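# Architecture at a glance
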Amino acid sequence: MAADDVSRTDDATAAAAAAAAATPAEKTPAAESSPVTESGLSGLAERLLLEYSRTGDDRLRERIVTMHQSLVRFLAQKFANRGEPLEDLIQVGSIGLVNAVDRFDATRGIKFATFATPTIVGEIRRYFRDKAWSLKVPRRLQELNQAASRAMDDLSTRLGRSPTIPEIARAIGATEEETLEAIELGNAYDTVSLDARPEENGESSSSFSDILGHEDEGLAALERHGDLTAALEALEERESAIIRLRFFQDLSQTEVAQRLNISQMHVSRLQRRALENLKRLLAAQQMGA
Amino acid sequence: MSEEPAENALVTLTIPCAPEYVGTARLTILGVAGRMGFSYDQIEDIRLAVGEACTNAIERANRNGSNGGGASAQIDMRCLVEAKRLTIEIEDNVRGGASGTEGGEAAEEEFSAQELGAVLMEIVVDEVTLEAAPNGGTRARLVKYLSDTAPSE
């Protein structure tokens, strides 16, 4: 529904000029008839919104939205250097605007632009968040960084000297600030392949993946094994025998019963007790350690 | 990687109150906030707020240009770096009232860029204070907290 509204807004853009031209004429009578003027709220937008909240007239809503496209554009521009096309930001910002129009309470006496700004900006920021970049730094900046270093090489050769920032900016079609930013930030945030071999005194060494640490499962298993052996030894002889036969040799309770010449019920009982004792012993060991 | 900087660090910058230098302020804060470990989005938010604060000062200077004047207009930016908090003070020496919107010439627009600038700042950083500076100008104080959790708000 919101998207629909946005596209309608686009359609209405052409009509906006005509509407704007007609506005002054319409404005005066509306101002006179509106009770809001008396309460000190004089903005055209606020009057239209009050009218809209009363009538629910879609054309009014459209007109308000169209009227505030410059606000959306103004706000979207503030976020334009974060690597998303301005048009997209205006699009999502417009959704925020439409929501703001529907939520605005014209009787509360605040300016619509002030009310709508957080909603519009919220929508734009959510858009960035939801983008969920695989990397923290937008690709645009990385590309800009690469383009800048290429341009630096090219220009150095061509000019026979190190190029200035404005020259690099012109070459890569970015602003000077963006260029500086790309040079400054791009390097710091660059990713490195795990297979890259960092140079050490001019000699290439092992790759990063070779020297990255990881949990040694074997070591932990060895520790656990040691604890268990000690605990098993502390168990009563018959209990420890049942644990070994049941869990180390994978025998069934019936088989264990035959081996030990006792009933299966008895094995079951002894096994439960043995496991409880083991748990207790292991816990005690950990406390001691 | 160098170790974390000494407990509280102070970075100051003075620029002419002119649009050409807003970029310098934005780049400076990029360096400061980047060091502190803010995420890319958070850094961009901080830079947005700094840009708005500077732009406000410049617009005020332009408006009062003819009448006020006196010493050449400039902007002082002070960044106080603490373990979990970045405080940025942006102070100008432009006489003629804090955030006072005259709503004069630009009345045909449905919004004033200056007013929205203030709203924008409030959205993107954690605390915003606007006050009169001792030198007669305006001081904007912006605070952004560094959260240990994954950057999200």
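Residues numbered from 1 in each chain as written. Chains lettered and ligands numbered in written order. Predicted model: local features only at pLDDT ≥ 70, side-chain atom pairs only at ≥ 80, totals over all residues.

### Digging into the overall build of chain A
Across its full length, chain A carries 14 helices and two strands. The 289 residues of chain A split such that 25% are buried. The long-range share in chain A, meaning contacts at least 24 apart out of those at least 6 apart in sequence, stands at 55%. (Helix = DSSP H or I, 4+ residues; strand = E, 2+ residues; numbered from the N terminus. Buried ≥ 20, exposed ≤ 12 C-beta atoms within 10 Å, placed from the backbone. Contact = placed C-beta atoms within 7 Å.)

### Here we look at the overall build of chain B
When helices and strands are counted, chain B shows three helices and five strands. In chain B, the order of α-helices and β-strands from amino to carboxyl end is β-α-α-β-β-α-β-β. Counting every position in chain B, which comprises 153 residues, the buried fraction comes to 37%. Taking all contacts inside chain B whose residues are at least 6 apart in sequence as the whole, residues at least 24 apart take part in 67%.

### Some remarks on the interface of chain B and chain A
Taken together, the contacts link 18 residues of chain B with 23 residues of chain A. Of all the secondary-structure elements, those providing two or more residues to the side of chain B that touches chain A are α1 (22–36), α2 (40–64) and α3 (113–124) of chain B. With six residues, α3(B) is the largest single contributor of residues to the side of chain B that touches chain A. Its residues assigned to classes, the side of chain B that touches chain A comprises 10 nonpolar, three polar and five charged. (Nonpolar A, V, L, I, M, F, W, Y, C, P; charged D, E, K, R; others polar.)

### Some thoughts on the nonpolar core
A:Leu49, B:Ile29, B:Ala33, B:Ala49, B:Val50, B:Ala53 and B:Cys54 are the most contacted members of the largest nonpolar core, which totals 66 residues. With residues up to four places along the chain from it excluded, the contact list for B:Val50 reads B:Ala25, B:Arg26, B:Ile29, B:Ile88 and B:Ile90. Ranked by size, the runner-up nonpolar core spans nine residues in total, among them A:Leu141, A:Ala148, A:Ala169 and A:Ile172. (Core = buried A, V, L, I, M, F, W, Y, C linked by C-beta atoms within 7 Å.)

### Some thoughts on the environment of A:Ser156
Residue and element names in this part refer to chain A. Tracing the chain through its elements places Ser-156 in helix α7 (residues 139–159). By the C-beta count within 10 Å, which is 12 here, Ser-156 ends up exposed. For Ser-156, the contacting residues outside a window of four places in its chain are Ser-162 and Pro-163.

### Some points on the environment of A:Glu143
As for its position among the elements, A:Glu143 is in helix α7. Sequence-wise, A:Glu143 and A:Ala182 are 39 residues apart; in three dimensions their C-alpha atoms are separated by 8.7 Å.

### Observations regarding the packing of helix α4 (residues 69–78) of chain A against helix α5 (residues 86–103) of chain A
Residue and element names in this part refer to chain A. Following both chains from N to C, one finds α4 and α5 inclined at 130°, their axes separated by 9 Å at the closest point. With respect to each other, α4 and α5 are oriented oblique. Viewed along their axes, α4 and α5 form a crossing whose handedness is right-handed. Every residue of α5 that contacts α4 at Val-72, Arg-73, Leu-75, Ala-76 and Gln-77 is listed here: Leu-86, Leu-89, Ile-90, Gly-93, Ser-94 and Leu-97. Taken together, the residues that form the contact of α4 with α5 break down as seven nonpolar, three polar and one charged. (Axes fitted to C-alpha atoms, helices over the stretch in contact; angles between N-to-C directions. Parallel < 35°, antiparallel > 145°, perpendicular 65-115°, else oblique. Left-handed = near helix turned anticlockwise from the far one by under 90°.)

### Concerning the pairing of strand β5 (residues 138–145) of chain B
Residue and element names in this part refer to chain B. Of the strand pairs in this sheet, strand β3 (residues 85–92) and β5 are connected by seven bridges, and their pairing is antiparallel. Counterpart to Arg-85 in the pairing with β5 is Tyr-145. Sheet analysis places strand β4 (residues 127–132) next to β5, joined by six bridges and oriented antiparallel. Each residue of the ladder has a partner; that of Val-128, found in β5, is Leu-142. Where β4 folds back onto β5 in an antiparallel hairpin, the turn is made up of five residues, including Gly-136, whose phi is positive at roughly 95°. (Pairing = 2+ DSSP bridges.)

### Here we look at the environment of A:Ala182
All names here are of chain A. Relative to the assigned elements, Ala-182 resides in helix α9 (residues 176–189). Residues Ala-182 and Ala-147, spaced 35 residues apart in sequence, show a C-alpha to C-alpha distance of 9.3 Å. Ala-182 has contacts with Leu-141, Leu-144, Asn-145 and Ala-148, leaving out every residue within four places of it along the chain.

### Considerations on unusual backbone geometry
Residue and element names in this part refer to chain A. The backbone of Asp-250 sits at a positive phi, close to 60°, despite the residue not being glycine. Residue placement: Asp-250 occurs in the loop between α12 (237–248) and α13 (253–260). Judged by local crowding, Asp-250 falls into the exposed class, with 8 C-beta atoms found within 10 Å. The phi dihedral of Asn-261 falls on the positive side, at around 60°, and the residue is not glycine. By secondary structure assignment, the location of Asn-261 is in the loop between α13 and α14 (264–288). On the neighbour-count criterion, Asn-261 (6 C-beta atoms within 10 Å) is exposed.

### Comments concerning helix α2 (residues 44–55) of chain A
Helical geometry: 3.6 residues make up each α-helical turn, so side chains three or four residues apart lie on a common side. Residue and element names in this part refer to chain A. In this model, α2 (12 residues) spans 16 Å end to end at C-alpha, consistent with the 16 Å of a helix rising 1.5 Å per residue. For α2, the complete set of buried residues consists of Ala-45, Glu-46, Arg-47, Leu-48, Leu-49, Leu-50 and Tyr-52. Once α2 ends, the next one or two residues include Gly-56, with phi positive near 65°. (Expected span 1.5 Å × (residues − 1).)

### What to know about the confidence of the model for chain A
Residue and element names in this part refer to chain A. Per-residue pLDDT for chain A averages 76, and the proportion of residues at 70 or more is 73%. Confidence, expressed as mean pLDDT per element, reaches its minimum in chain A at helix α1 (residues 2–33) with 41 and its maximum at α5 with 93. Counted against residues more than four places away or in other chains, residues 1–41, with its pLDDT under 50, gives 31 contacts. (pLDDT = per-residue confidence, 0-100.)

### Description of the sheet that holds strand β1 (residues 9–16) of chain B
All names here are of chain B. Here we have five strands laid out as an open sheet, ordered β1-β2-β3-β5-β4, and antiparallel in their pairing. Single-partner strands in this sheet number two, and they are β1 and β4. Across the sheet, the mean angle from the axis of one strand to that of its neighbour is 15°, orientation sign disregarded. Note: β1 against strand β2 (residues 74–81), eight bridges, orientation antiparallel. Within β2, the residue paired with Val-11 across the bridge is Cys-79. The strands touched by α2 within the sheet are β2, β3 and β5, with β5 carrying the most contacts at an inclination of about 175°.

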